[in-house]
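Here are the chains, one letter per residue:
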Amino acid sequence: MQKILNYINGELVAPISDSYIENIDPSTGKIYSLCADSDDHDVALATDAALAAFPAWSNTSSSDRSKVMLKIAALIEENLEALALAESIDQGKPLWLAKNGEIPRAQANIHFFGTAIEHFASEAHPMGNHALNYTLRTPIGVVACISPWNLPLYLFTWKIAPALAAGNCVVAKPSEVTPMTAFLFSKICIEAGLPKGVLNIVHGLGPKVGAALTSHPNIPVISFTGGTKTGAEIARVAAPMFKKLSLELGGKNPNIIFADCDFEKTVKESVRASFTNQGEICLCGSRIYIEASIYEKFKSAFVEEVKKLKVGDPLLPQTKVGAIASQLHYDKILGYIDLAKEEGGTILCGGKTAAVEERCKDGFFIEPTVIEGLNHLCRTNQEEIFGPVVTLQKFETEEEVIEFANSNNYGLACILFTENLTRAHRVAAAVKSGIVWVNCWLLRDLRTPFGGMKQSGVGREGGWEALRFFTEPKNVCIKL
Ligand code: NDP
């Protein structure tokens, strides 16, 4: 069976313990590869390799760093089919989604930061003819990048690209639930000629590999995307060591639908925002608030569309909703559906395991689920489910829906549908959310600040924000 190895000091190596975790294809429920079960010894090796590579890499010109990154981006493009297939098998997402969305975005992440670094500049603050201040922005050292299982290569590259472009060396840990594309990516880095030790990938479990990275004394920067609970644990360990932290955490995003929306487009986009990638995107809209006057009309149109979504084999082109990424997560989602019923919710469609035949009969499939009749403060509407489950709720006024939207500890993304421009600006300003989409969802410009408020995270990724995060500013004041 194929073994997923670590990438340390430019080579693919087995974990020191030589132990492995079974890697399961969620669409069949069967083990299909073995993932390195690394520990703090492997992290120590990787960190030493990164430390040794840092002086040379940080002194490489930005155009030379750019060149190697663009080569990596080109190789992702060349290997699009293989990477998309691997992502679909590993994660459970439809193959067409990996091919058209995720892998091209991974390529774009590397390309974007590989070119951005050529334009990155720092500030100068002249004090008339008395003095001149200028800011040096230098790479920091070895940084840890820890990423989750929902958009594996997409989120992995979103972190490592700015870190490497800025001149840091990286020790990265993908989720052990979906390690395959990061492994293929390490082969691409070798082929592209990335100098040894500049990027190191250590596979394994969060409490072992992730925790060893977080507490490592020679890693002063951590960029983490994952759950809020894990983020809090990382912050707890990192704070007394004064590490620089970027935390992209969970979401429970409101999707607000006003009666003056473009109805057909709103229904279509709301279905997409609810169930893309089985609802396993931190940006999905899972609390749908509908203005009372169109509630019934929207409900029937939305449920009708949701029922059309084909759940099935991720490799088939007609599949719209694939497998849930792991049995653990599948059980968690079904648990939340039970909770919604206990809390008095009515299931309008879905609400149970989806039966998929033939090679996928033992996979982890759940029908897209729409629930109504719940209070905005109940657990179902407060906690992140991170699956194909949404709730519908009615609102009467703009003030009321802003209160509903903000009545949650998360603040990552908000979606608004209205044709009233003034209202769009007003509500966008009032919701406590790091990102607001008006009449669209997941329309991304990589230059924009990306991240959440409240328990959705600390800091912002994207564009200059990311390059500033991965550099240390130093002001130099010269008396003239
Ligand atoms: P987790 O928090 O469980 O895991 C994220 C990563 O952290 C994994 O690689 C995990 O390893 C690792 N990890 C676990 N424990 C520790 C630890 N003690 N120290 C260091 N690292 C650790 O999240 P999931 O993988 O379950 O991902 C889903 C979550 O990610 C959702 O809450 C979702 O909202 C959030 N997310 C946020 C995004 C954003 O941009 N704000 C984007 C995408 C997802 P292991 O897999 O072995 O547990």
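Predicted, not measured: the structure shown is a model, and the values here were computed from it.

**Here we look at unusual backbone geometry**
- For Gln278, which is not a glycine, the phi torsion comes out positive at approximately 60°.
- The residue Gln278 is located in the loop between α9 (263–275) and β14 (285–291) in this model.
- Even without being a glycine, Phe386 presents a positive backbone phi close to 65°.
- When you line up the elements, Phe386 lands in the loop between α12 (379–382) and β17 (389–395).
- According to the relative accessible area criterion, Phe386 is buried, its value standing at 16%.

**A look at the site of the ligand**
- Taken together, 32 residues sit near the ligand, with Glu176, Thr230, Leu249, Cys282 and Glu384 positioned nearest.
- One of the side-chain N or O atoms of Trp149 is found 2.8 Å from an oxygen atom in the ligand.
- Within the backbone of Gly227, one N or O atom sits 2.7 Å away from an oxygen atom of the ligand.
- Relative to its unbound accessible area of 900 Å², the ligand is 88% covered by the protein chains.
- Elements with a contribution of two residues or more to the shell around the ligand: α7 (206–215), β11 (221–225) and α8 (228–238).

**Observations regarding the sheet that holds strand β5 (residues 30–36)**
- If you walk across this open sheet you meet the three strands as β1-β5-β4, and the pairing is mixed. Edge positions in the sheet fall to β1 (3–4) and β4 (20–25), since each of these pairs with one other strand and no more.
- Here β1 runs beside β5; their pairing, made up of two bridges, is parallel. If you follow Ile4 over to β5, its bridge partner there is Cys35.

**Considering the packing of aromatic side chains**
- Enumeration according to the criterion identifies 13 aromatic pairs in this entry.
- Between Phe258 and Phe395 the ring centres are 5.4 Å apart and the planes differ by 80°, which places this aromatic pair in the edge-to-face class. Remark: Phe395 occurs in strand β17 and Phe258 occurs in the loop between β13 (253–257) and α9; sequence separation between them is 137 residues.
- Of the aromatic side chains, those joined through ring pairs into one cluster are Phe112, Phe113, Trp158 and Phe450.
- The ring of Phe469 is capped by Lys244, whose NZ or CZ atom sits 5.3 Å from the centre of that ring.

**Quick notes on the nonpolar core**
- Counting 120 residues, the largest nonpolar core has Phe185, Leu199, Leu283 and Phe302 as its most contacted members.
- Ranked by residue count, the leading element in this core is helix α5 (residues 152–165), at ten residues.
- Here this core spans two domains, and each of domain 1 (3–249 + 456–479) and domain 2 (253–445) adds at least three residues to it.
- If near-sequence neighbours (up to four positions away) are discounted, Phe302 is found in contact with Val267, Ser270, Val271, Ser274, Phe275, Ile288, Val370, Val390 and Leu392.
- Formed by 15 residues, the second largest nonpolar core is a distinct cluster that contains Ile324, Ile337, Ala340 and Ile366.

**Re the sheet that holds strand β6 (residues 124–127)**
- On the basis of which strands lie adjacent, the open sheet formed by three strands has the order β6-β7-β23 and antiparallel pairing. Each edge of the open sheet is held by one strand with a lone partner, namely β6 and β23 (471–479). Shown here is a sheet whose adjacent strand axes are inclined to one another by a mean of 20°, direction ignored.
- For strand β7 (residues 131–139) and β23, the ladder comprises nine bridges, and the chain directions are antiparallel. Paired with Leu132 across the bridge in β23 is Ile478.

**Overview of the domain arrangement of the protein**
- In terms of domains, the protein is made up of domain 1 (3–249 + 456–479) and domain 2 (253–445).
- Opposite the 27 residues of domain 1 that make contact, domain 2 presents 30 residues.
- Together, Ser27, Trp149 and Ser456 form the three largest contributors to the area buried by domain 1 at its contact with domain 2, with a combined 23%.
- Of the charged contacts, one joins Asp362 and Lys30 as a salt bridge, the two residues approaching to 3.8 Å between their closest N and O atoms.
- In this structure, the connection of domain 1 to domain 2 is made through ten residue pairs in polar contact (both at pLDDT 80 or more).
- In the side of domain 1 that touches domain 2, the residues fall into 13 nonpolar, nine polar and five charged.

**Digging into the pairing of β6**
- Alignment of β6 against β7, held across four bridges, turns out to be antiparallel. The residue of β7 that forms the bridge with Ala124 is Tyr134.
- In this structure, the hairpin formed by β6 and β7 is closed by a connection of three residues, where Gly128 is found at a positive phi of approximately 55°.

**Examining α9**
- With 13 residues, α9 should cover 18 Å at 1.5 Å per step; its first-to-last C-alpha distance of 19 Å lies within 8% of that length.
- Of the residues making up α9, those classed as buried are Phe263, Thr266, Val267, Glu269, Ser270, Val271, Ala273, Ser274 and Phe275.
- Buried residues in α9 make contact with β13, β14, α10 (295–308), β16 (369–372), β17 and β19 (413–417).
- Following α9 by one or two positions, Asn277 adopts a phi angle in the positive range, close to 55°.

**A look at the side chain of Thr135**
- Summarising the element assignment, Thr135 is placed in strand β7.
- Those residues in contact with Thr135, other than ones at most four positions away along the chain, are Ser122, Glu123, His125, Pro473, Lys474 and Asn475.

**Let's talk about the environment of Leu97**
- The topology assignment puts Leu97 in helix α4 (residues 95–116).
- Residue Leu97 is classed as buried on the basis of its relative accessible area, which comes to 16%.
- Taking the C-alpha atoms as reference points, Leu97 and Pro314, separated by 217 residues in sequence, lie 9.3 Å from one another.
- Apart from residues no more than four positions distant in its own chain, Leu97 is found in contact with Glu102, Thr276 and Asn277.

What counts and what doesn't
Residues numbered from 1 in each chain as written. Predicted model: local features only at pLDDT ≥ 70, side-chain atom pairs only at ≥ 80, totals over all residues. Heavy atoms only, no water. Helix = DSSP H or I, 4+ residues; strand = E, 2+ residues; numbered from the N terminus. Buried < 20%, exposed > 50% of the residue type's maximum accessible area, 1.4 Å probe, protein only. Near = heavy atom within 4 Å. Polar contact = N/O pair within 3.5 Å; in protein donor to acceptor, adjacent residues only side chain to side chain. Areas by Shrake-Rupley, 256 points an atom, 1.4 Å probe, with all protein chains shown as cover. Pairing = 2+ DSSP bridges. Phe/Tyr/Trp six-rings, centres within 6.5 Å; stacked < 30°, edge-to-face > 60°. Lys NZ or Arg CZ within 6 Å of the ring centre and 35° of its normal. Core = buried A, V, L, I, M, F, W, Y, C linked by side-chain atoms within 4.5 Å. Domains from an automatic or database assignment. Contact = heavy atoms within 4.5 Å. Axes fitted to C-alpha atoms, helices over the stretch in contact; angles between N-to-C directions. Buried area = accessible area lost by both parts, 1.4 Å probe. Salt bridge = Lys/Arg side-chain N within 4 Å of Asp/Glu carboxyl O. Nonpolar A, V, L, I, M, F, W, Y, C, P; charged D, E, K, R; others polar. Expected span 1.5 Å × (residues − 1).

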